[in-house]
Amino acid sequence: MKLIQISPSNPSSLKSRFRRRFLRSLMKIKTVLPTSSSSPRRIFLQRSRRIKTAADKSLALAVGSSSKRAWSRAILWKIQYKAKAIRRHRPYSFRRICGSNNRPNIGNKRFNDKKKRKKKKRHDDEEEEIGEADQLRELVPGGEGMDLCSLLDETAHYLKCLIAQVQVMRSIDQFYSQSQSQSQSQSHLN
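Criteria and thresholds
- Residues numbered from 1 in each chain as written.
- Predicted model: local features only at pLDDT ≥ 70, side-chain atom pairs only at ≥ 80, totals over all residues.
- Heavy atoms only, no water.
- Helix = DSSP H or I, 4+ residues; strand = E, 2+ residues; numbered from the N terminus.
- Buried < 20%, exposed > 50% of the residue type's maximum accessible area, 1.4 Å probe, protein only.
- Contact = heavy atoms within 4.5 Å.
- Areas by Shrake-Rupley, 256 points an atom, 1.4 Å probe, with all protein chains shown as cover.
- Polar contact = N/O pair within 3.5 Å; in protein donor to acceptor, adjacent residues only side chain to side chain.
- Axes fitted to C-alpha atoms, helices over the stretch in contact; angles between N-to-C directions.
- Parallel < 35°, antiparallel > 145°, perpendicular 65-115°, else oblique.
- Left-handed = near helix turned anticlockwise from the far one by under 90°.
- Nonpolar A, V, L, I, M, F, W, Y, C, P; charged D, E, K, R; others polar.
- Expected span 1.5 Å × (residues − 1).
- pLDDT = per-residue confidence, 0-100.
- Phe/Tyr/Trp six-rings, centres within 6.5 Å; stacked < 30°, edge-to-face > 60°.

Colleague: Can you tell me about the overall build of the protein chain, naming the residues and giving the values?
Modeller: Helix and strand counts for the protein chain come out as 6 helices and 0 strands. Along the chain direction, N to C, the helices and strands of the protein chain fall in the order α-α-α-α-α-α. Within the protein chain, the proportion of its 190 residues that are buried is 26%. Long-range pairs, those at least 24 residues apart, make up 59% of the contacts in the protein chain with a sequence separation of at least 6. Here the protein chain has roughly 14200 Å² of accessible surface; of this, 53% comes from carbon and sulfur atoms.

Colleague: I'd like a rundown of the environment of Gly-143, residues and numbers included.
Modeller: Its place among the elements puts Gly-143 in the loop between helix 5 (124-139) and helix 6 (148-189). Exposure remark for Gly-143: the relative accessible area of 0% places this residue in the buried category. In sequence terms Gly-143 and Trp-71 are 72 residues apart; their C-alpha atoms lie 7.1 Å from each other.

Colleague: Explain the side chain of Glu-154 residue by residue, including any values.
Modeller: Looking at the secondary structure, you find Glu-154 in helix 6. Given the relative accessible area of 6%, Glu-154 is considered buried. Engagement of the side chain of Glu-154 in a polar contact is seen with the backbone nitrogen of Ala-70, the distance being 3.2 Å. Leave out the neighbours within four places in its chain, and Glu-154 touches Lys-68, Arg-69, Ala-70, Trp-71, Val-140 and Met-146.

Colleague: So what's going on with the packing of helix 2 (residues 40-63) against helix 3 (residues 70-87)? Residues and values would help.
Modeller: Here helix 2 crosses helix 3 at 135°, and the two axes come no closer than 9 Å. One element, helix 2, and the other, helix 3, form an angle in the oblique class. The way helix 2 lies across helix 3 gives a crossing that is left-handed. Here helix 2 contributes Thr-53, Asp-56, Lys-57, Leu-59, Ala-60, Leu-61 and Val-63 to the contact with helix 3, which in turn contributes Trp-71, Ser-72, Ile-75, Leu-76 and Ile-79. Looking at the contact of helix 2 with helix 3 residue by residue, the classes come out as 8 nonpolar, 2 polar and 2 charged.

Colleague: Please give an account of the side chain of Ser-58 that cites residues and values.
Modeller: Tracing the backbone shows Ser-58 in helix 2. Looking at Ser-58, its side chain comes within polar contact range of the main-chain oxygen of Ala-54, at 2.6 Å. In contact with Ser-58, not counting residues within four places along its chain, are Phe-18, Arg-21, Phe-22 and Ser-25.

Colleague: A description of helix 3 should follow, citing residues and the corresponding values.
Modeller: Along its 18 residues, helix 3 runs 26 Å from first to last C-alpha, staying within 8% of the 26 Å computed at 1.5 Å per residue. Listed as buried for helix 3 are Ala-70, Trp-71, Ser-72, Ala-74, Ile-75, Trp-77, Ile-79 and Ala-85.

Colleague: Summarise helix 1 (residues 14-31); cite the residues concerned and give the values.
Modeller: Structural remark: α-helix, 3.6 residues per turn; residues separated by three or four positions point the same way. With 18 residues, helix 1 ought to run about 26 Å at 1.5 Å a step, and its terminal C-alpha atoms sit 26 Å apart, in line with that. Inspection of helix 1 places Leu-14, Ser-16, Phe-18, Arg-19, Phe-22, Leu-23, Ser-25, Leu-26 and Ile-29 among the buried residues, and these make up the whole buried set.

Colleague: Can you explain the confidence of the model for the protein chain? Please cite residues and give values.
Modeller: When pLDDT is averaged along the protein chain, the result is 77, and 67% of the positions lie at 70 or above. Taking the mean pLDDT of every element in the protein chain, the minimum, 47, falls on helix 4 (residues 94-99) and the maximum, 91, on helix 2.

Colleague: Lay out the packing of aromatic side chains in plain terms, naming residues and giving numbers.
Modeller: For the coordinates displayed, the defined rule picks out 4 aromatic pairs. Judged by centre distance (5.4 Å) and plane angle (10°), the ring pair of Phe-18 and Phe-22 falls under stacked. With Phe-18 and Phe-22 both in helix 1 and 4 residues apart, the pair spans about one turn of that helix. Neither residue differs from the other here; Phe-18 and Phe-22 are each classed as buried.

See the structure below:
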């Protein structure tokens, strides 16, 4: 696998850190050989899951391991727990994980236990806003126990990082698509 020679304006930028980590992860995935008894579809699905996990982990680590961002800590915790479950040969069930008391303390402690809060009478507009916030909490990793202000801040940062991830992955795809088409055209000329 060729390494991409892109000269970014800032080598310590989020995109650069993500690209370095992601390409290293892809190299490791490429070196792992599938078992001969696996079907092509199973091999494809395993490789797809590994690439998705590598992209998620690379993004979370590119933000910084000492980051105050709940979404990056939640992603890293989920990946770590899943790896431990696989090593123990237990089926991975994220719903079981969320129900356990062993999950990391992410977000504001006051809002973690929704059952303890008293429900107040709200107007229809307030109920709609709360429903939308709950939907957002489901989408942002680690957003379950956050107040609205923290949730919006985490969401904005998470979206910024996802956009950077997509841009880097597109540039990698374009680079390898161009190099592959050039090598095919050279082989046809010979």
